[in-house]
Structures are given as C-alpha cells and as structure tokens.
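# Chains, contacts and geometry: an overview
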Amino acid sequence: MAEEEVKTLEDLGELTGQSVEDTPVETAPVYEQKLDAQGRAYATGKRKDAVARVWVKPGAGKIVVNGKDYVEYFARPVLQMILNQPINAAERADQFDINCTVRGGGLSGQAGAVRHGISKALTHYEPELRGVLKKGGFLTRDSRVVERKKYGKAKARRSFQFSKR
C-alpha cells in the first residue's frame, strides 16, 4: 500500500474533500459607533483606585472635569498633558466637548482614569480611531494597583528596623 505524496495545498484540499476557496476566511471585527440619545459617546476609564465616567460629543474642545475646567481641576501641567494625549494622538483637538466625573484615588490616578475614559469614548464615537489609540497604548487599562499591607510588616513589604539587642 503506497501512499501518495501531497505537495500543494490544493492537493491537500482534495484529500479532505474541500478546496482552498471553500475554507472560511476570518475577517477583523468591525467596530460600530455607540451613541446615547443625546448623540454622546460614553465610556468608563480606570486607573489605580480612580474611576472616571466620560461623555464625548462634537463641540469646541471644552474639557470639563467634575464641573470645573480641566486646567483648574488638574493644576499641574503634567496632568493636563496626560489628559490631552489621546486627543492629540487622534488629531481631534478642538473638535469634541468632553464632560467627565471622576472619583477615588489621587490626582495622578484620576488623570490616568480620565485619559483612559477619553480614549475609549473616542473609539465609541469614531471607531476608525481605534488603531491610532491602540498603537499609542491609550486603550489598555493600566492594571497596577497598590499592594495591600501585610501583618508583621510596616507597609506592604517594608519590615520594621532590626536590632540585635
């Protein structure tokens, strides 16, 4: 009983009873626009213990965080820059009004949460921006959180000072 030698994919398809053209080709998932009744895109962003709820709608580029202008709420320029990163990466400055409420954590965590929420909301409003924002790393949730304190330790890992006496 001599077996045939299979040399091409077409020959292999003949052995299984399928041709190469019949095999289903998986396409990339299609993302569609998700808007609420007022025409806004909503997303939740998280960082450390901070949680931000973000609404994006077309407008003049006004960013409001907890009822205040973002420059007033995040006084440090570094935090303002963090907020603007996804907007600048998507080249959508002065095209969207952004309204956020953020709770928990400190200012740094809150800025990261708002950035994450803005990125997600932009992809809900304009799914074509997903590639740009994903490449910049804005859609990934930074999962690092503070480690809990352990018993017998001063902090999570810090021991009390050792003395031989």
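The paragraphs below set out a description of the structure included in this document.

Procedures and definitions
Residues numbered from 1 in each chain as written. Predicted model: local features only at pLDDT ≥ 70, side-chain atom pairs only at ≥ 80, totals over all residues. Heavy atoms only, no water. Helix = DSSP H or I, 4+ residues; strand = E, 2+ residues; numbered from the N terminus. Expected span 1.5 Å × (residues − 1). Bend = angle between axes of the 7 residues up to and from the residue. Contact = heavy atoms within 4.5 Å. Phe/Tyr/Trp six-rings, centres within 6.5 Å; stacked < 30°, edge-to-face > 60°. Buried < 20%, exposed > 50% of the residue type's maximum accessible area, 1.4 Å probe, protein only.

## Description of helix H3 (residues 77-89)
Under the 1.5 Å per step criterion, the end-to-end length of H3 is 18 Å for 13 residues, consistent within 8% with the ideal 18 Å. For H3, the principal kink sits at Leu83 and spans about 35 degrees; a proline, Pro86, occurs within the next four residues. The secondary structure elements touched by the buried residues of H3 are strand S3 (63-65), helix H2 (70-73), strand S5 (96-103), helix H4 (107-125) and helix H5 (130-136). One or two positions beyond H3, positive phi appears at Glu91, with a value near 55 degrees.

## Considerations on the packing of aromatic side chains
The full count for this structure, using the stated rule, is three aromatic pairs. Both rings, one in Tyr42 and one in Trp55, keep their centres 5.1 Å apart while their planes meet at 45 degrees; by these two values the pair is tilted. Of the two residues, Tyr42 sits in strand S1 (residues 41-47) while Trp55 sits in strand S2 (residues 50-58), which places them 13 residues apart along the sequence. For Tyr42, a relative accessible area of 35% corresponds to the partly exposed category. Given the relative accessible area of 19%, Trp55 is considered buried. Taking 4.9 Å as the distance between ring centres and 85 degrees as the angle between the ring planes, the aromatic pair formed by Tyr73 and Phe74 counts as edge-to-face.

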